[in-house]
Amino acid sequence: MGVEKKFKEAAAMTGYSARVAALVLVICIGLAPPSHAQAMGNIRVVFVKAGLIAGAGAGRGVLTYRGRDYPFRVYGLSLGVTAGASVIRLTGRVTGMHDVKEFSGTYDTVGGGGAWIGGLGGVQLSNGKGVIITLQGIEAGMEFAANRSAIKISLR
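The structure reproduced in this document is the subject of the present report.

What to know about a nonpolar patch on the surface
And then number 1: On the surface, a nonpolar cluster with roughly 200 Å² of combined accessible area is contributed by Val46, Val48 and Val87.
And then number 2: Counting through the fold element by element, Val87 comes out in strand 2 (residues 68-95).

Rendered as structure tokens:
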């Protein structure tokens, strides 16, 4: 009978030790700092632009980042060769963000493109916070552009 009693005591201690170890693990995981790793976002934008020599445009879009949607407004000015007007629907990716607050700001781009009734367009934008937006989409209208642009994005 002594061996049976010792076996039950050992089993009880092992169960107790396992519960304590599990509790310590849960506490340690709960105290871990949040991840500040970069996460990629997806973006959809509709942009209307027009110009002659200098151009201007405005639009709106939605950034999907870490499972949440963030509506935003976008405004742009360009200087260079610009003639015409168009509407463009763009989709793409946002990289280089650690926090959604880094998305708002001024982006620079140098590029060109055109549409005669319809066409394809694409652009890559970057801001001073290391955020890069890569977009592509369908453009409708008549426009030719080869310019330098400044784009301002603000979350709503």
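Some thoughts on the packing of aromatic side chains
And then number 1: Across all of its chains, the model carries one aromatic pair by this definition.
And then number 2: Ring plane angle 75 degrees and centroid distance 5.1 Å describe the contact between Phe72 and Phe103, whose orientation is recorded as edge-to-face. Highlighted residues: Phe72 in strand 2 and Phe103 in the loop between strand 2 and strand 3 (105-127), separated in sequence by 31 residues. For the pair Phe72 and Phe103, one class covers both residues: buried.

Thoughts on the pattern of salt bridges
And then number 1: Tallied over the entire structure, the rule returns one salt bridge.
And then number 2: A salt bridge links Lys49 to Glu139; its shortest N-O distance comes to 3.9 Å. With Lys49 in strand 1 (residues 41-65) and Glu139 in strand 4 (residues 132-155), the pair connects residues that are 90 residues apart, well separated along the chain.
And then number 3: Note on Lys49: relative accessible area 24%, which makes it partly exposed.
And then number 4: Here Glu139 falls in the buried class, since its relative accessible area comes to 4%.

Remarks on the side chain of Ser86
And then number 1: Counting through the fold element by element, Ser86 comes out in strand 2.
And then number 2: With residues up to four places along the chain from it excluded, the contact list for Ser86 reads Phe47, Val48, Lys49, Glu139, Ala140, Gly141 and Glu143.

What to know about the nonpolar core
And then number 1: Core analysis: the largest hydrophobic core is formed by 22 residues, its most contacted members being Leu63, Phe103 and Ile133.
And then number 2: Of all the elements, strand 2 adds the most residues to this core, at six residues.
And then number 3: The contact partners of Leu63, leaving out residues within four places of it in the chain, are Gly41, Asn42, Arg68, Asp69, Tyr70, Phe72, Val94, Met97, Val100 and Phe103.

Calculation criteria
- Residues numbered from 1 in each chain as written.
- Predicted model: local features only at pLDDT ≥ 70, side-chain atom pairs only at ≥ 80, totals over all residues.
- Heavy atoms only, no water.
- Patch = residues over 30% accessible without salt bridge, like charges linked within 9 Å, V, L, I, M, F, W, Y side chains within 5 Å.
- Areas by Shrake-Rupley, 256 points an atom, 1.4 Å probe, with all protein chains shown as cover.
- Salt bridge = Lys/Arg side-chain N within 4 Å of Asp/Glu carboxyl O.
- Helix = DSSP H or I, 4+ residues; strand = E, 2+ residues; numbered from the N terminus.
- Phe/Tyr/Trp six-rings, centres within 6.5 Å; stacked < 30°, edge-to-face > 60°.
- Buried < 20%, exposed > 50% of the residue type's maximum accessible area, 1.4 Å probe, protein only.
- Contact = heavy atoms within 4.5 Å.
- Core = buried A, V, L, I, M, F, W, Y, C linked by side-chain atoms within 4.5 Å.

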